[in-house]
Every structure is written in structure tokens, then in C-alpha cells.
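Single-letter residue listing:
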Number of protein chains: 2
Amino acid sequence: MKFYDCKTAPSPRRVRIFLAEKGVEIDSVQVDLAKGEQFSDAFMKISPLAEVPLLVLDDGTVLSQVNAICRYLEEVFPENPLCGRTPVERAQVDAFNGLLQMNGFMAGAEAFRNATPGFKNRAMPGPHNYSQIPELAERGLLRLDNLFADLDAHFADNQFFMGDYYSMADISGLTIVDFAKWVKKFIPENCVHLQRWYDQVNDRPSAKA
Amino acid sequence: MKFYDCKTAPSPRRVRIFLAEKGVEIDSVQVDLAKGEQFSDAFMKISPLAEVPLLVLDDGTVLSQVNAICRYLEEVFPENPLCGRTPVERAQVDAFNGLLQMNGFMAGAEAFRNATPGFKNRAMPGPHNYSQIPELAERGLLRLDNLFADLDAHFADNQFFMGDYYSMADISGLTIVDFAKWVKKFIPENCVHLQRWYDQVNDRPSAKA
């Protein structure tokens, strides 16, 4: 297996933390998104969507998308389950990941890509070019405010996303809070429960991945 | 189990088609989104996010989000697998679903919610209000054009999303093509492969669900 990574990007970091929590090491290749390496002919042969992370299996099969890659890794390395321990938990982790994808990563990406000069025609990831929409950058920031408030309420009664069970949802959440810093959004002072959760997951050795 | 449904909405339809393909029947409750029933106190006690579909288990556990619900149903009713038959296939179906969620459902929702007078402050689903952004409606239409072209290229070489295996990704895709009609986007005449695929999946009895 080979893992196509980008050390500076939030999505591949989720896979790195996942692997660190599993204690699994996989050969990796760095793709420099800042230099546009994802659009090179060589890379787009592997990934027509020009995206990282990717997991390329020994038979050449290419797996894309964070949640799909981690789902596969969970099946291949079932010890220390991070995607849920029962059918119900697996659905709940999946649901948190879906919400965090929409209300966290997409919100952060809206705020970042629609307001950063270097992304002038690159307001969305992927192979198609889209113009920036300044109002969408503003809405992205507002959505992050709402997410932080919603998460604070959740963590008032829960140690982690899934009660006392650390899961993939915590990995997604941690990565979003750190990604939000790119657009100068930090956990508000009054969100003490969210801050407590963040400190806890950020203190795990995997967070350095 | 009880399934909270809305006959007119695209997301719950994915679960209905999934159940029809499985040949499984579950008691359902209709939530009238057009009348705002999702914001009633009774419903928001079940779903603080004011969303359908929901699956409520016999012990009261509430499962939300289409992909998570179907993932659970697949584990409970494993016959006729729709989410993949191997770890690799499960990751691939998951990846298609993730892409279709972002580039199909979100694109359609952007186009629809940002241009429909009745959604004035409801440009996004969920409990928070967001103003409409007319440019985002335009971008949503453009994204659907790009999706149709991308899918047409895919179906030039593939009977279904997953080669000759009908899966949850086909259910997602079918529902998106029908949802796109809400914003007057139809499969372009030159997308003959996409049209061939659509006719095939739309002819299955489950499509009427």
C-alpha cells in the first residue's frame, strides 16, 4: 500500500492521525499542493480528480476520500476500532463524519478558498474551476461560529463525540478546529466544553501526525 | 424500527429505494417538510437538527444521515449487499457517495435553496438560518453541468458506478438526476452514456419508491 499525503493539508492529516491511533505505518508520498503537484500528468493519471489523500493498494487499486480510506483501513486493521464497535456505533460515527464534513470542512473551505487571492478561480477542490464568491467566504465564517456553539453544547455532556469512546469523529473534529485557524477562527472563550475536548484530543500523541 | 420519511424530498428517497432493493419493509412516518413539520417541538425532540430521513430503533436510538442509516441497514439486513461486497468495494461505494453528496446533492441544494423565494433565510438545511446568495445558485447549476459531463464519461466504460455491480452509489446518482429537475437541469442530449445508465436504473421497480 502507498499513501499519497500532503503534510500541510487538513484532509490527509485525518488519515495520518487515524494511522497513528492504529499504530500502523504505511509508505507515503508527499504531493505538494501549494506547488500544484496534484495537477501534474503523473499524479492525475493516478487521481483524475487531482486530490489527496489517496491510498493505492498493491494491486494498483486507488482509494480516495478520507472516510472511505479510513473505512478500508479499519477493515484491514481491525484492532483498536475507530469507526465504531457495533452496527449502531458505526452508523453514529458515520453520521458525525457526514455532519462534520458539511458543517466543518466545507465551511472552512468556503471561508478559505473564497477569500484567498491564490485561489482566485479555485473556489472548490477538484478538477473544475469555480470563481470566488466573497459572500460565501463570509457565510463560511458564520457557519464555523455556529459549529463551535453546537459542538460546545455537545461536549457539555460528552467526553468525546461518541460519549466515552474516542473515534474517527474526534479525529475529524480536531482537524477542523485546526483548519479553522487558517481563517482566523479560534474556539471562543465561552466554549469551555469544546476547549476541554480539544485539549484532550490534542494532547494525544496522534495529534502530532 | 421506525423510519421518518418525507415523500417529496430527495434524501429520504435514497433510503426508500435502498429498502425496496433489499425487499425490506419498515414502518414509516411522514414528516411534511413543506409545512415545516420538521421544526415542530415534537419532531425536534427526536431530531435537534430538524432533518429527515431518520431511523429510530426499538430502544429509542436515533440514526440520522442517509449514508449512515443505509450503512446500518446493510449490517442488519446483509442479503443483497448494496454498500459493497468486499472491503475495497465498500470503500469505493463510500467514495462515490461522498463525491455525489458534495458535487450532486450539495450542488442541487445550492441551486435550489439560493433561488427559491420560499427559502429566503433557509439557504442551508439544518437548524441555522443563512441568507440566500444568488451567485451560489448560479454556481450550483454550473456544478450540475460539470457533474453530468463527468458521469457521462464514467458511464462510457461502466454499466453502473461500480462496473457491473448495482450499488448504493447508483441509488444516490438516480436521486440526484431527479433532484436536478427541480432546478430545470436535465441530462443533456449529448450525454448518451449517462442517459443509458439513468434509463437502466430508473427502470428498476425500486425507482418508484
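Definitions and cut-offs
Residues numbered from 1 in each chain as written. Chains lettered and ligands numbered in written order. Predicted model: local features only at pLDDT ≥ 70, side-chain atom pairs only at ≥ 80, totals over all residues. Contact = placed C-beta atoms within 7 Å. Helix = DSSP H or I, 4+ residues; strand = E, 2+ residues; numbered from the N terminus. Nonpolar A, V, L, I, M, F, W, Y, C, P; charged D, E, K, R; others polar. Core = buried A, V, L, I, M, F, W, Y, C linked by C-beta atoms within 7 Å. Buried ≥ 20, exposed ≤ 12 C-beta atoms within 10 Å, placed from the backbone. Least-squares fit on C-alpha atoms with pLDDT ≥ 70 in both. Domains from an automatic or database assignment.

### Thoughts on the interface of chain A and chain B
Link 1 in the chain: Contacts between the two partners involve 27 residues from chain A, matched on the other side by 27 residues from chain B.
Link 2 in the chain: Sorting elements by how many residues they give to the side of chain A that touches chain B places helix H4 (residues 87-113) of chain A first, with nine residues.
Link 3 in the chain: Its residues assigned to classes, the side of chain A that touches chain B shows 13 nonpolar, eight polar and six charged.

### Topic: the nonpolar core
Link 1 in the chain: Residues Phe 18 and Ile 69 of chain A together with Phe 18 and Ile 69 of chain B are the most contacted members of the largest nonpolar core, which totals 101 residues.
Link 2 in the chain: With residues up to four places along the chain from it excluded, the contact list for Phe 18 of chain A reads Cys 70, Leu 73, Leu 82, Met 168 and Ile 171 of chain A.

### Some details on the relation of the copies chain A and chain B
Link 1 in the chain: In the superposition of chain A on chain B (RMSD 0.0 Å, axial shift 0.0 Å), the rotation amounts to 180 degrees. Such values leave the two copies arranged in the relation of a two-fold axis. Of every C-alpha in chain A, the one belonging to Leu 136 of chain A sits nearest the axis of rotation, 3.9 Å from it.

### With respect to the domain arrangement of chain A
Residues and elements named next belong to chain A.
Link 1 in the chain: Domains assigned within chain A are domain 1 (2-76) and domain 2 (87-204).
Link 2 in the chain: Facing eleven residues of domain 1, the contacting portion of domain 2 comprises ten residues.
Link 3 in the chain: The set of elements that each furnish at least two residues to the side of domain 1 that touches domain 2 consists of helix H1 (10-22) and helix H3 (66-76).
Link 4 in the chain: Among the elements that make up the side of domain 1 that touches domain 2, the one with the highest residue count is H1 (five residues).

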